[in-house]
Amino acid sequence: MKNYKLLTPGPLTTTETVRKEMMFDHCTWDDDYKAITLKIRRQLLELAHVTDEDYTVVLMQGSGTFGVESVLTSVMGEQEKLLIVANGAYGERMEDIAEHAQISYVMYREVYNKIPSAAKIAEILEKDPDITHVSMVHSETTSGILNDIEAVGKVVKEKGRTFIVDAMSSFGGVDIPVQDWGIDFLVSSANKCIQGVPGFSFIIARKQKLIESEGKARSLSLDLYDQWKTMNKDGKWRFTSPTHVVLAFSKALDEILEEGGIAARSKRYSDNNRLLIQRMKEMGMETYIEDEHQGPIITTFLYPKNHAFAFQEMYEYIKERGYAIYPGKVTEADTFRIGNIGEIYEEDIEKVCSIMKDFLEGR
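Computed from a predicted model, the values in this text were never measured in an experiment.

**With respect to the sheet that holds strand E13 (residues 326–327)**
Across the sheet, which stays open at both edges, the three strands sit in the order E11-E14-E13 with antiparallel pairing between neighbours. Of all the strands in the sheet, just strand E11 (298–302) and E13 have a single pairing partner and so form its edges. Summarising the sheet, E13 and strand E14 (residues 335–339) pair through two bridges and their orientation is antiparallel. Bridge pairing links Pro327 to Phe336 in E14.

Structure follows, in structure tokens:
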């Protein structure tokens, strides 16, 4: 199988050293393995700018969606109500979760290329006192828009509600002071900006809110409180953990710190993003999201006018030359997406844009 670099929002291109960590086998009951789990939880708290006095970290088997579903189905009681704020497919996925779990909820929908209004959320909360929780996505990879969770968090706290944030593709690539922004539960995944590999999600939770969720879970395997209780007791996961993924993630955490922390990684991603947008505009391709709200994680581009090619044709051409980009149709117009995260540097952006230019000139 040919190796190629992934310009996607994850799974993404990792370092060789992270991949090598998965060459080792570990027993889940070994003290060494428990110490690695503890180290990961401690390092994530540090990246979130919180301490273990007020917050804790719970690792949850499965993809990022497993983590989101774990939170929503564990902290929402039968008499509680959720406001889901959505301006993309991942916000809408929360609605699917709520429907399946029979969680009481209401939706605030925004068009995909606009950020949700904190003022509108305040108005909804004022009018509906039954709403107890608010959930939304930070970096909506449907479009690449970066939502203003700081402004929303301020409103949610002022109204005395619980704030749940899906920071799947932003945590580690965008600095998020969790407590300062009023976030009670933040969900992310091993295979995003920390640059690990797929296999588990993690939840940074306000301790008191987590403790209050005891007995509310609608699922056995996704019970967030029980997972935390077991993990806190002896460092073990309740059920079989993805040992190789955990080892890789531990190494990836060391590497983000070696790079200079979130600030340095965010700068690299942002530099990638700016260069990508500049080169694409030179080829006649504009961004779907306006500059003010374009995130550094992934960018959606509109096809050039009067184009005479299909996405699959362009995708295969680029992939044959060592890179993979991301499909995406978020409007009636034709669009595609290119990720800026992972072990990707400006030379990669220049190379993939050169390949794309060759493709377009050959049509």
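**Things to note about unusual backbone geometry**
For Gln102, which is not a glycine, the phi torsion comes out positive at approximately 55°. If you trace the backbone, Gln102 turns up in the loop between helix H4 (89–101) and strand E4 (104–109). For Gln102, a relative accessible area of 70% corresponds to the exposed category. In the Ramachandran plot, Gln195 falls in the positive-phi region, its phi being about 75° despite a non-glycine side chain. For Gln195, the location among the structural elements is in the loop between strand E9 (185–189) and strand E10 (200–206). Take Gln195: its relative accessible area is 2%, and that puts it in the buried class.

**Quick look at the pairing of E10**
Within a regular strand, the side chains alternate between the two sheet faces. Most of E10 is tucked away: seven of the seven residues are buried. Residues Phe200, Phe202, Ile204 and Arg206 line one face of E10 and the alternating positions Ser201, Ile203 and Ala205 line the opposite face, and both faces are buried. Bridge count for strand E2 (residues 55–61) against E10 is seven bridges, and the pairing is antiparallel. Counterpart to Val57 in the pairing with E10 is Ile204. By the bridge criterion, five bridges tie E9 to E10 in an arrangement that is antiparallel. Paired with Val187 across the bridge in E10 is Ile203.

**Quick notes on the sheet that holds E10**
Pairing is mixed in the open sheet, where seven strands are placed in the order E2-E10-E9-E8-E5-E3-E4. A strand with exactly one partner marks an edge of an open sheet, and here the two such strands are E2 and E4. With direction set aside, neighbouring strand axes in the sheet form an average angle of 20°. Strands in contact with helix H2 (residues 31–47) are E2 and E10; relative to E2, the strand with the most contacts, it is inclined by about 125°. In this fold helix H6 (residues 149–158) packs onto strand E5 (131–137) and strand E8 (162–166), with an angle of close to 160° to the strand it touches most, E8.

**Notes on the side chain of Asn340**
Here Asn340 shows up in the loop between E14 and helix H12 (346–361). Asn340 gets classed as buried once you look at its relative accessible area, which sits at 0%.

**So, the pattern of salt bridges**
Per the stated rule, a full pass over the model turns up 17 salt bridges. The partner of Arg265 in a salt bridge is Glu259, with the nearest N and O atoms 2.9 Å apart. Accessibility expressed as a relative area gives 2% for Arg265, which makes it buried. Glu259 gets classed as partly exposed once you look at its relative accessible area, which sits at 26%. Across the pair Arg321 and Glu320 runs a salt bridge whose closest N-O atoms are separated by 3.4 Å. Connected through shared salt-bridge partners, Lys157, Asp184 and Arg206 make up one network.

**Brief notes about the pairing of strand E3 (residues 81–86)**
By the criterion of burial, E3 is predominantly enclosed, with six of the six residues buried. Here E3 shows a buried face lined by Lys81, Leu83 and Val85 and a second buried face lined by Leu82, Ile84 and Ala86. The pairing of E3 with E4 spans six bridges and is classified as parallel. For Lys81, the partnering residue across the bridge sits in E4 and is Ser104. Handedness of the β-α-β unit built from E3, H4 and E4 comes out right-handed. Two strands pair when backbone bridges link them, and E3 and E5 are joined in this way by five bridges, in the parallel orientation.

**Let's talk about the UniProt feature "modified residue: N6-(pyridoxal phosphate)lysine" (unreviewed entry) in the protein**
Per the UniProt annotation, the sites labelled "modified residue: N6-(pyridoxal phosphate)lysine" (unreviewed entry) are Lys192. With respect to the secondary-structure elements, Lys192 resides in the loop between E9 and E10. By relative accessible area, which is 12% here, Lys192 ends up buried.

**Examining the packing of H2 against helix H9 (residues 243–259)**
Where H2 meets H9, the closest approach of the two axes is 10 Å, and the angle between their N-to-C directions is 40°. Taken together, the axes of H2 and H9 are oblique relative to one another. Crossing geometry of H2 relative to H9 is assigned as left-handed. For the pair H2 and H9, contact is made by Tyr33, Ile36, Lys39, Ile40, Gln43, Leu44 and Leu47 and by Thr243, Val246, Leu247, Phe249, Ser250, Leu253, Asp254, Ile256 and Leu257, respectively. Counted by class, the contact of H2 with H9 contains eleven nonpolar, three polar and two charged residues.

Calculation notes
Residues numbered from 1 in each chain as written. Predicted model: local features only at pLDDT ≥ 70, side-chain atom pairs only at ≥ 80, totals over all residues. Heavy atoms only, no water. Pairing = 2+ DSSP bridges. Helix = DSSP H or I, 4+ residues; strand = E, 2+ residues; numbered from the N terminus. Buried < 20%, exposed > 50% of the residue type's maximum accessible area, 1.4 Å probe, protein only. Axes fitted to C-alpha atoms, helices over the stretch in contact; angles between N-to-C directions. Contact = heavy atoms within 4.5 Å. Salt bridge = Lys/Arg side-chain N within 4 Å of Asp/Glu carboxyl O. Right-handed = clockwise from strand over helix to strand, strands pointing away. UniProt positions renumbered as here; feature names shortened; annotations may be inferred. Parallel < 35°, antiparallel > 145°, perpendicular 65-115°, else oblique. Left-handed = near helix turned anticlockwise from the far one by under 90°. Nonpolar A, V, L, I, M, F, W, Y, C, P; charged D, E, K, R; others polar.

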